[in-house]
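Coordinate analysis (summary)
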Amino acid sequence: MLKIGILTLSDRASKGVYKDISGPAIESTLRDFIIGEIEFVYRLCSDELPHITTTLCELCDTFGCCLVVTTGGTGPALRDVTPEAMEQVCHKMLPGFGELMRNVSLRSVPTAILSRQSAGVRNKSLIVNLPGKPASIRECLTAIFPAIPYCIDLIGGDYIVANDKVITAFRPAQKSAQTLENSAKSQDTLSHLDSKHNPHMVDVSDKNTTERVACACGKITVNREAFASVQDATNKKGPVLQTAIVAAIMGAKKTSELIPLCHPLTPSAIHCEIEDLPEESAFLLHVSVKIASKTGVEMEALTGVSIGLLTMYDMLKALDKRMVIGEIRLLHKSGGKNGQFDA
């Protein structure tokens, strides 16, 4: 999993005078630009040089963020000391990032020449300074992001996959395959392998316990005879729908015993519904799972759907061996750092 640090620098925001909107703007933009799971590490600091340098070191060295993006503190005012903190923390400075951002901003803001934003490298972390306004943040990130993944490749950081539908990252063709191969060998990018490349269950002890909900569905298509036996309750094996619902609940509860490396969870609620689709001669099974936990229940919902549909197959196979199970998918999830998803 990628780790990206976001550091907002503002005296007033750090005192609660107003809500930080720059940090969320950075996260929103990077989620658009990057494919894959990302853990964002947020920090909010006053414009105090010692505090800024300590926090930058923490994000790079303690949390291991491959990319740290700051916002604010790059102007000429007395308390704007982000560039001074960068000089103390970074082993190498990359002034080209700042030059490009200023050039882009000058098209709409004449005072962009007053900005001292830049970028630099600390060990395997790239630190980039952005302006404070959300609109300027996206504008500047759009300009410099194409160079960010390859820069992080060069310093040995995590492999970033850009969302080509939104933005294109530059990588020399001969470097891309080699970098991806090296990244695949890195335990930092393979969360389910330990330092010896052995499988292990991810440690979630540092995560917050939140209410999490996941809903999934799947469909089984049967012949007319089998469909009628379910609707008319004439199936010789017994009540098909009720049995499938019990199986779906049991499957959701047993997910960690069926899917390697899933955490054992105790759902607080599991709700199942089976919808008749007469025109398709099919049944649609919905499974919703709820829990207060440090990790999500998407796999529980999906496993419940799978086991429920397999149970229907088992109970109807005497009447139809050509049944098709398909379209198993996640419909909704909420809770946790990644927020809400709706298909």
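See the structure shown above.
Residues numbered from 1 in each chain as written. Predicted model: local features only at pLDDT ≥ 70, side-chain atom pairs only at ≥ 80, totals over all residues. Heavy atoms only, no water.

What follows covers a nonpolar patch on the surface. A cluster of nonpolar side chains, L106, I113 and L114, forms an exposed patch at the surface whose accessible area comes to about 280 Å². In this fold, I113 is placed in the loop between helix 5 (95-105) and strand 6 (119-122). A residue is classified by how much of its surface remains accessible, and I113, at 61% relative accessible area, is exposed. (Patch = residues over 30% accessible without salt bridge, like charges linked within 9 Å, V, L, I, M, F, W, Y side chains within 5 Å. Areas by Shrake-Rupley, 256 points an atom, 1.4 Å probe, with all protein chains shown as cover. Salt bridge = Lys/Arg side-chain N within 4 Å of Asp/Glu carboxyl O. Helix = DSSP H or I, 4+ residues; strand = E, 2+ residues; numbered from the N terminus. Buried < 20%, exposed > 50% of the residue type's maximum accessible area, 1.4 Å probe, protein only.)

This part is about the packing of aromatic side chains. Tallying each qualifying case throughout the model produces 3 aromatic pairs. Ring centres of F33 and F145 lie 5.2 Å apart, and the angle between their planes is 55°; this geometry places the pair in the tilted category. Placement of F33 in helix 2 (residues 22-33) and of F145 in the loop between helix 6 (134-144) and helix 7 (148-154) is noted, with a sequence separation of 112 residues between them. Residue F33 shares its accessibility class with F145, and that shared class is buried. Sitting over the face of the ring of Y159, R171 holds its NZ or CZ atom 3.9 Å from the ring centroid. (Phe/Tyr/Trp six-rings, centres within 6.5 Å; stacked < 30°, edge-to-face > 60°. Lys NZ or Arg CZ within 6 Å of the ring centre and 35° of its normal.)

What follows deals with helix 4 (residues 82-89). Looking at helix 4, one finds that the buried residues are T82, P83, A85, M86 and V89. An end-on view of helix 4 places all buried positions within 155° of arc, on one side of the element. Set apart from the buried face of helix 4 by more than 90 degrees, the exposed residues are E87 and Q88. Next to the buried residues of helix 4 lie strand 1 (2-9), helix 3 (49-62), strand 4 (67-71), strand 5 (92-93), strand 6 and strand 7 (125-130). (Arc of directions from axis to C-beta. Contact = heavy atoms within 4.5 Å.)

The next subject is the nonpolar core. General note: in soluble globular proteins, nonpolar side chains tend to be found buried as a group. One finds L30, I34, L67, L126, L130 and F145 to be the most contacted residues of the largest nonpolar core, which totals 32 residues. Discounting residues that sit within four places of it in the chain, L126 has contacts with C66, L67, V68, L94, F97, A119, G120, V121, I148, C151, I152 and I155. Counting residues in hydrophobic clusters, the runner-up holds 27 residues, among them A214, V222, L265 and V297. (Core = buried A, V, L, I, M, F, W, Y, C linked by side-chain atoms within 4.5 Å.)

Moving on: the packing of helix 2 against helix 6. Between helix 2 and helix 6, the shortest axis-to-axis distance is 9 Å and the interhelical angle comes to 35°. Our pair here, helix 2 against helix 6, has a crossing hand that is right-handed. Packed against helix 2, whose contacting residues are S22, A25, I26, T29, L30, D32 and F33, the element helix 6 presents P134, I137, R138, L141 and T142 at the interface. Among the residues making up the contact of helix 2 with helix 6, the classes are represented as 7 nonpolar, 3 polar and 2 charged. (Axes fitted to C-alpha atoms, helices over the stretch in contact; angles between N-to-C directions. Left-handed = near helix turned anticlockwise from the far one by under 90°. Nonpolar A, V, L, I, M, F, W, Y, C, P; charged D, E, K, R; others polar.)

Further remarks concern the packing of helix 5 against helix 6. Helices that pack against each other are described as a pair by the angle of their axes relative to one another and the distance between those axes. Viewed as axis vectors pointing N to C, helix 5 and helix 6 meet at an angle of 130°, and their least axial separation amounts to 9 Å. Considered as vectors, helix 5 and helix 6 are oriented oblique to each other. The hand of the helix 5/helix 6 crossing is right-handed. From helix 5, F97, L100, M101, V104 and S105 reach across to helix 6, where they touch E139, C140, A143 and I144. Class assignment for the residues of the contact of helix 5 with helix 6 results in 7 nonpolar, 1 polar and 1 charged. (Parallel < 35°, antiparallel > 145°, perpendicular 65-115°, else oblique.)

Time to look at the sheet that holds strand 10 (residues 269-277). A sheet is described by the order of its strands in space; here 5 strands give the open sequence 10-11-9-12-13, paired in antiparallel fashion. The open sheet terminates on both sides in strands that have one partner only, identified here as strand 10 and strand 13 (341-342). The pairing of strand 12 (residues 324-334) with strand 13 spans 2 bridges and is antiparallel. Bridged to H332 within strand 13 is D342. (Pairing = 2+ DSSP bridges.)

Attention shifts here to the pairing of strand 1. With 7 of 8 residues buried, strand 1 lies mostly within the body of the structure. Inspection of the sheet shows strand 1 paired to strand 3 (residues 38-45) by 8 bridges, in the parallel sense. For L7, the partnering residue across the bridge sits in strand 3 and is R43. Alignment of strand 1 against strand 4, held across 5 bridges, turns out to be parallel. Bridge pairing in strand 4 places I6 opposite V69.

A full pass over the atoms with the stated rule returns 13 salt bridges. The partner of R79 in a salt bridge is D11, with the nearest N and O atoms 2.6 Å apart. Of this pair, R79 sits in the loop between strand 4 and helix 4 while D11 sits in helix 1 (residues 11-14), placing them 68 residues apart in sequence. Given the relative accessible area of 35%, R79 is considered partly exposed.

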